Each structure stands twice: as C-alpha cells, then as structure tokens.
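Each chain is listed here by its residues.
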Amino acid sequence: MSGDPRDELVDHLPALRAFALSLTRNGAVADDMVQDTLVKAWSKISTFEAGTNMRAWLFTILRNTYYSNRRKAGREVSDSEGIFTESLSEKPAHDGRLQLADFRRAFVKLTDEQREALILVGAQGFSYEDAAETCGVAVGTIKSRVNRARARLTELLNLDEHEGLEMTDQATMAVVTGARPAAR
C-alpha cells in the first residue's frame, strides 16, 4: 500500500454504500451520502492518523453526515408502504422460513441506533470497540443496542431461542445470530 491514505478510500466504497443504504433505505440518498463522505474525507485527509482504522474513520464521517442531514430535514420521509425498502436490492434465494422481505420489514422497525449497531457489528464485522468509537458511545452501549436489536428481531420474526434458521445470506445470519460474517 502506498503512503497516501487517499489511495485506500476506494477500498471502502462498497462497505460505505451498504452502511449508507442501511441508514437511509434509499439508494439515491445513500449514494449522495457516500459522495459527501468522500468529499469530506478527501478535504480533511490531513486529519487522518496513519496507522489507524480508515474504515472506522470513514464510517464516523458517514454517520455524522447522516445525522446532520436528518437534523436539517427536520422530519423523516415515511415509507409505510415499503416502496423504498423493496427497491434496495434483489431478494436472494433463501432456503428457510425466514425470507428477506420478512427480515427487511422487521429490520426497519428497529430504532436507528439499533439498526446502526447491528450493521456495524453484525454485517460489517466491526468489533464492539470499533463500532462504539464510530458511534461515539461506550462499548457497553453498543453491546446493549446489539442485544436489544437481536431480541427485537427475534420477537418480530416470531422465532424462539431454540429455533434454527436456514438461510443462505451470511450477512443477515450475522446480524440475527451474532456470528461473524465470512471474510470478503
């Protein structure tokens, strides 16, 4: 890897876009947020400390951009019909009773903080420490948010603690069960 941290920015684009989509549930808004994040990161690259976690730094910028935009907007766009949610991705072929559409409906019912914690820890594979740093909260707070979110998903999906999940989507499995996703 070269000495210029700007060269590393492109490596994190897919993860940034996935995180932005999980926050906004709107592809166009997510793309705009990723672009804003990259512009901010590029212009403030001198503040990035070499040898630290570039992904966590970028996720923090993206997260702060999201909350700043939410404050500016003053209100959230309602998606009660699930139109934006359904447009995010194509359903994979799941083997078991837990379908992606059911998961999406349950996932959007979580609080922003719970969704964010599950995406960072479950789907993105962040450690609790890195997720806590990204969100600007204590490690215990992240652990609590993840635990409560998983419990709420289990409740919303009508699963009991002994019921096995038969799914092919490793990222979704990681969010629900706490198992780390496979290396990418």
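Computed from a predicted structure; not experimentally measured.

Cut-offs used in this document
- Residues numbered from 1 in each chain as written.
- Predicted model: local features only at pLDDT ≥ 70, side-chain atom pairs only at ≥ 80, totals over all residues.
- Heavy atoms only, no water.
- Helix = DSSP H or I, 4+ residues; strand = E, 2+ residues; numbered from the N terminus.
- Axes fitted to C-alpha atoms, helices over the stretch in contact; angles between N-to-C directions.
- Parallel < 35°, antiparallel > 145°, perpendicular 65-115°, else oblique.
- Left-handed = near helix turned anticlockwise from the far one by under 90°.
- Contact = heavy atoms within 4.5 Å.
- Nonpolar A, V, L, I, M, F, W, Y, C, P; charged D, E, K, R; others polar.
- Phe/Tyr/Trp six-rings, centres within 6.5 Å; stacked < 30°, edge-to-face > 60°.
- Buried < 20%, exposed > 50% of the residue type's maximum accessible area, 1.4 Å probe, protein only.
- Core = buried A, V, L, I, M, F, W, Y, C linked by side-chain atoms within 4.5 Å.
- Expected span 1.5 Å × (residues − 1).

Turning our eyes to something else, we now look at the environment of Glu129. Within the fold, Glu129 resides in helix H8 (residues 128-135). Along the sequence, Glu129 and Lys143 sit 14 residues apart, while their C-alpha atoms lie 9.5 Å from each other.

At a minimum axis distance of 9 Å, the contact between helix H7 (residues 112-123) and H8 shows a crossing angle of 140°. Between H7 and H8, the crossing angle belongs to the class labelled oblique. As for how H7 packs across H8, the hand of that crossing is right-handed. Contacts between H7 and H8 involve Glu116, Leu120 and Val121 from the former and Tyr128, Ala131, Thr134 and Cys135 from the latter. By residue class, the composition of the contact of H7 with H8 is five nonpolar, one polar and one charged.

Backbone geometry places Arg25, a non-glycine residue, at a positive phi of 60°. Its location among the elements puts Arg25 in the loop between helix H2 (13-24) and helix H3 (27-43).

Taken as a whole and assessed by the stated rule, the structure comprises four aromatic pairs. Centroid distance Phe59 to Phe126: 5.0 Å. Interplanar angle 40°. Geometry classified as tilted. Taken together, the residues span a long stretch of sequence, with Phe59 in helix H4 (residues 54-73) and Phe126 in the loop between H7 and H8 at a distance of 67 residues. For the pair shown, Phe59 and Phe126 are each scored as buried. Judged by centre distance (5.0 Å) and plane angle (70°), the rings of Tyr66 and Tyr67 are edge-to-face. For the pair Tyr66 and Tyr67, a shared accessibility class is recorded, and that class is buried.

The next subject is the nonpolar core. Judged by nonpolar contacts, the single largest core of 43 residues is most densely connected at Trp57, Leu62 and Ile142. Every element with two or more residues in this core is listed here: H2, H3, H4, helix H6 (100-107), H7, H8 and helix H9 (139-156). Among the elements that make up this core, the one with the highest residue count is H4 (nine residues).

One full turn of an α-helix is made of 3.6 residues, so residues set three or four places apart face in the same direction. Over its 12 residues, H7 runs 15 Å from end to end, which matches the ideal 16 Å to within 8%, given 1.5 Å per residue. Burial analysis of H7 places 11 of its 12 residues in the buried class, the great majority of the element. Here H7 has its buried residues at Asp112, Gln114, Arg115, Glu116, Ala117, Leu118, Ile119, Leu120, Val121, Gly122 and Ala123. Gly125 occupies a position one or two residues after H7 and carries a positive phi of about 80°.

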